[in-house]
Amino acid sequence: MAFRDLVGNERVKRALQGAVREGQLGPSLLFSGPDGVGKRQFALALAKTINCPNASGGDRALPDSCDLCPSCRKIERGEHMDVLIVRPETAFLRIEQIRSLCEHAYRKPFEAHWRVFIIDEAETMTEQAANALLKTLEEPPAGSVLILLTSQLTRLLPTIRSRCQIYHFAPLTTAEIEGFLRERFVRPEEEIRLLARLSRGRIGKALSIDLSVYREMRREVLELLTVLGAGDRVRLIRAAEYWGRRLDREEFERRLDVLEQVLADVLRLQLEAGEVVNADIAAHLRSLAVWWPPSRVVRFMEKLAALRRDLWRQLNRQLALEALFLAEA
């Protein structure tokens, strides 16, 4: 995608295009913001723009790539010899990866105006890798641009942050994500609205959600809240067994996410405050208020938060849930 096709973070977009136009683009950039808000796409759009032979722009116009030429297409496909993305191969970016990047950064471009190196999840660099990169940031090579992407800015060394131009990315608005989904996909309006609200401002999240899976988990959560409200202890013990023993850790935590989201919506509807995520089932959520007044919702959510904090101790999830559910029944 070219800059004109990117959604959200207009301030960052204008700042980057303005820096290209004025010749003020630094050799080391740092894109900071939550996962899924478009940092990688912005980095690729910048790489296209500074290397596109047909880039638009002038004295007043903001420069942008054509997104059609061989250079732009190669960058989009990840096949351009002068645009390299480095990602963690394990849990960390290793010193060997960074040393290889730095070595290539000092070489002349093969076919482009600029060599562009994108370091994804830069916060995962080991201390040795970060120190190796620091030497290159202190003496930036001519003809190369380094772009660091991070969702955890404070995990980067202060010396690295101080040597980069920092651009802060924010979550997108619900309206921006709805517009993006409408333009690119043919889906019922109800699904578009639900995906946009579930994404919490992240396009990447909106694209990754399987609504059929989400709705099935939501159905289980609604059933659980109904059983809790009715105080059916036999069914609660069965629910604790299913959630605690038959689900793996990831599936269990995903259901906790949905449970907390649904409870938060119940609270919002009762207090008439904030955006309801599951607006497509608002009538059902309102009916739960018979059993779930605000004070009970808040108390139960606090207990769920405590359960999450205890997960790292490898507690017996089934027994913990039984105790939680039966105490609440």
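Residues numbered from 1 in each chain as written. Predicted model: local features only at pLDDT ≥ 70, side-chain atom pairs only at ≥ 80, totals over all residues. Heavy atoms only, no water.

Draft legend 1. Focus on the sheet that holds strand S3 (residues 115-119). Overall, parallel pairing links the 5 strands, which are arranged S2-S3-S4-S1-S5 in an open sheet. Only two strands of the sheet have a single partner each, and these edge strands are strand S2 (83-86) and strand S5 (165-168). In this sheet, neighbouring strand axes are inclined to one another by 20° on average, regardless of whether the strands run parallel or antiparallel. Running at roughly 150° to S5, helix H1 (residues 10-22) makes contact with strand S1 (28-32) and S5 of the sheet. Each of S1, S3 and strand S4 (144-150) touches helix H5 (residues 127-138); the most contacted strand, S4, lies at about 135° to it. (Pairing = 2+ DSSP bridges. Helix = DSSP H or I, 4+ residues; strand = E, 2+ residues; numbered from the N terminus. Axes fitted to C-alpha atoms, helices over the stretch in contact; angles between N-to-C directions. Contact = heavy atoms within 4.5 Å.)

Draft legend 2. Expanded view of the pairing of S1. The buried fraction of S1 is high, at 5 of 5 residues. In S1, alternate side chains face the same way, and those of Ser-28, Leu-30 and Ser-32 on one face and Leu-29 and Phe-31 on the other are all buried. In this structure, S1 lies alongside S4, joined through 5 bridges in parallel fashion. The residue bridging Leu-29 from the neighbouring strand is Ile-147, located in S4. Note that S1 and S5 share 4 bridges and pair parallel. Residue Ser-32 lies in a different strand from S5, and its bridge partner there is His-168. (Buried < 20%, exposed > 50% of the residue type's maximum accessible area, 1.4 Å probe, protein only.)

Scope: geometric values only; no functional claims are made or implied.
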